[in-house]
Amino acid sequence: MRPILVATNFSERSNNAVLYAASLAQVFNSKLILFNAFRLPVHAANSRLTVKSMDGLIKKNSDKLKDQALNLSKAFDIDVEYECKYVDLEQEIEHLMEVNNSRLLVMGMSPKSMEQNLLGNPTTTLISMRKFPVLAVPLRAQFSGIKNVLFACDLMEAIPLKSLARLRQIALLLKSNVTIFHVENKINELLSKGEALQNIDNELEPVTHIYKNVKSNAVIEEIEKEIKASNADLLVMIPKKYGFWESIVHKSKTRVMASGMNIPLLSIAVE
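Residues numbered from 1 in each chain as written. Predicted model: local features only at pLDDT ≥ 70, side-chain atom pairs only at ≥ 80, totals over all residues. Heavy atoms only, no water.

Relative to the helices and strands, Val18 resides in helix H1 (residues 12–28). Separated by 89 residues in the primary sequence, Val18 and Met107 place their C-alpha atoms 7.8 Å from one another. Contact partners of Val18, with chain neighbours within four places excluded, come to Val6, Thr8, Leu32, Leu34, Gln68 and Leu72. (Helix = DSSP H or I, 4+ residues; strand = E, 2+ residues; numbered from the N terminus. Contact = heavy atoms within 4.5 Å.)

With that settled, consider the pairing of strand S4 (residues 104–108). The buried count for S4 comes to 5 of 5 residues, which makes it a mostly enclosed element. Burial along S4 is two-sided: Leu104, Val106 and Gly108 facing one way and Leu105 and Met107 facing the other are all buried. As judged from the 3 bridges shared by strand S1 (residues 4–7) and S4, these two strands associate in the parallel manner. Across the sheet, residue Val6 finds its bridge partner in S4, namely Val106. Bridging between S4 and strand S5 (residues 134–137) involves 4 bridges; their strand directions are parallel. Bridge pairing in S5 places Leu105 opposite Val134. (Buried < 20%, exposed > 50% of the residue type's maximum accessible area, 1.4 Å probe, protein only. Pairing = 2+ DSSP bridges.)

Attention now goes to the confidence of the model for the protein chain. Detail in the predicted coordinates should be disregarded across regions flagged by low pLDDT. Averaged over all residues, the pLDDT of the protein chain is 82; the fraction at 70 or higher stands at 78%. Low confidence marks residues 243–250, where pLDDT is under 50. Its contacts with residues over four positions away, or in another chain, come to 2 contacts. (pLDDT = per-residue confidence, 0-100.)

Scanning all chains against the criterion turns up 1 cavity of 30 Å³ or more. Looking at the largest cavity, the residues that line it are Tyr20, Leu24, Phe28, Leu104, Leu135, Ile146, Ile170, Leu174, Leu234 and Leu266. For the lining of the largest cavity, the secondary structure elements donating two or more residues are H1 and helix H7 (161–174). It is H1 that contributes the most residues to the lining of the largest cavity, 3 residues altogether. Per-class residue counts for the lining of the largest cavity are 10 nonpolar, no polar and no charged. (1 Å grid on protein atoms, 1.4 Å probe; cavity = no way out; pocket = protein on both sides within 12 Å on 5 of 7 lines; lining within 4 Å. Points joined across faces, edges and corners; volume = space filled by probe spheres on them. Nonpolar A, V, L, I, M, F, W, Y, C, P; charged D, E, K, R; others polar.)

This part takes up the side chain of His182. Within the fold, His182 resides in strand S7 (residues 177–184). For His182, a relative accessible area of 0% translates into the label buried. In terms of polar contacts, His182 uses its side chain to reach the backbone carbonyl oxygen of Cys153, at 3.3 Å. (Polar contact = N/O pair within 3.5 Å; in protein donor to acceptor, adjacent residues only side chain to side chain.)

We now examine the pattern of salt bridges. In total, this model carries 8 salt bridges according to the counting rule given. In this structure, the salt-bridge partner of Lys31 is Glu81, at a minimum N-O distance of 3.1 Å. Taken together, the residues span a long stretch of sequence, with Lys31 in the loop between H1 and strand S2 (32–37) and Glu81 in strand S3 (residues 80–85) at a distance of 50 residues. For Glu81, a relative accessible area of 38% corresponds to the partly exposed category. In this structure, Glu92 engages Lys85 in a salt bridge whose closest nitrogen and oxygen atoms are separated by 3.0 Å. What you see here is one network of salt bridges that share partners, running through Glu83, Lys85 and Glu92. (Salt bridge = Lys/Arg side-chain N within 4 Å of Asp/Glu carboxyl O.)

The subject of this paragraph is the packing of aromatic side chains. Using the criterion set out here, one finds 1 aromatic pair in the structure. Relative to Phe143, the ring of Tyr20 lies with its centre 5.4 Å away and its plane at 90 degrees, an arrangement referred to as edge-to-face. With a gap of 123 residues between them, Tyr20 in helix H1 and Phe143 in the loop between S5 and strand S6 (148–152) connect regions that are remote in the sequence. A residue is classified by how much of its surface remains accessible, and Tyr20, at 4% relative accessible area, is buried. For Phe143, a relative accessible area of 23% corresponds to the partly exposed category. Its guanidinium or amino end placed over the ring of Phe10, Lys64 lies 5.0 Å from that ring's centre, counting from NZ or CZ. (Phe/Tyr/Trp six-rings, centres within 6.5 Å; stacked < 30°, edge-to-face > 60°. Lys NZ or Arg CZ within 6 Å of the ring centre and 35° of its normal.)

Encoded structure:
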């Protein structure tokens, strides 16, 4: 099975994401790859480090990854590899996903704040790249199986068949039920989307799935309410692509949901 890549900076949030990723790797019977993009501390970056000192800092992080990999391998009975590099996280992740043919990138989810909504964070940046599936895991989320998946989507727009295929594969592996959730101003418009609904039915077969539609202008609030109402274990969304000027006006719903939720968010790329 294709490996799962998890990015970590050894924070409490990252360590929890690593444990969640290890549980998924166990279920999927996949290899787990730990990755740390090494960044110099501020005081070190402002000083003149020798090559020996630099190598020592990188080795320290590599040793942390090695210990973590050994412990995870024993605890979850999975194959675990690790890699530490002094590179830019966003640029290297894309390369590693391609080289390792990874099925999924797992990262910690930052807490909700005004700063996160305005500026984002490394996780939301990678989601916005729309290059591969990203699973954002909040600090308190613990894996105990994923029975209920909430797929929040816009049924007024065509949903890529490739994204539906990925959702079907994940739901089958996890033995999950899927609720397709749509928020729209005019629910009656769904009556004209028979072909789109048929495509969803065909692509998700044989996954058990139902549709829920809500009439509202508050999309994010309705999704948050439905997470609680359906006792969802995982939220799935498809990030939209905005141009430069549109991105200034629009605030990505996927990005907002990726900060401060209580359950993991899976962003399924469409490219």
